[in-house]
Amino acid sequence: MSALVAYPLLVIVGLLILILATTSKISGMKFMLMGISIILVGGVLIIDENTRLAGFEYIMLYTGLIFGVIGFIREN
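Owing to the predicted nature of the structure, the values given are computational and were not obtained by experimental measurement. (Residues numbered from 1 in each chain as written. Predicted model: local features only at pLDDT ≥ 70, side-chain atom pairs only at ≥ 80, totals over all residues. Heavy atoms only, no water.)

1. Some details on the nonpolar core
Counting 6 residues, the largest nonpolar core is built from Val13, Ile17, Ala21, Phe31, Phe67 and Ile70. At the level of elements, helix 1 (3–23) and helix 3 (56–73) are the ones that each hand at least two residues to this core. In terms of residues, this core owes the most to one element, helix 1, which gives 3 residues. (Core = buried A, V, L, I, M, F, W, Y, C linked by side-chain atoms within 4.5 Å. Buried < 20%, exposed > 50% of the residue type's maximum accessible area, 1.4 Å probe, protein only. Helix = DSSP H or I, 4+ residues; strand = E, 2+ residues; numbered from the N terminus.)

2. A closer look at the environment of Asn50
Note that Asn50 resides in the loop between helix 2 (28–47) and helix 3. Overall, the relative accessible area of 63% leaves Asn50 in the exposed class. As for Asn50 and Arg74, which are separated by 24 residues in sequence, their C-alpha atoms are 37 Å apart.

In C-alpha cells, the structure reads:
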C-alpha cells in the first residue's frame, strides 16, 4: 500500500475512532481490551506469510493502538 493511500486512510480511521470515543459511553477498560484484541489480530495477519492484504494489516495494528491509547486516557 502506497503512502498516498495509507496515511490519509490512517487519519480517517483515527478520526472515526475519536468520534466513537467521544460520543459513546463505553468505559476505558473496554476500549483498551478492544484495542488489544485488534492489535493481536493485526499481528497475526502480519506474521502470516500467506496473507496479501496490501498493508491493511498494519492499519489494523495502528487502529488497535489508537483504541488502546484512547482507553488509557478515558476516565470512565
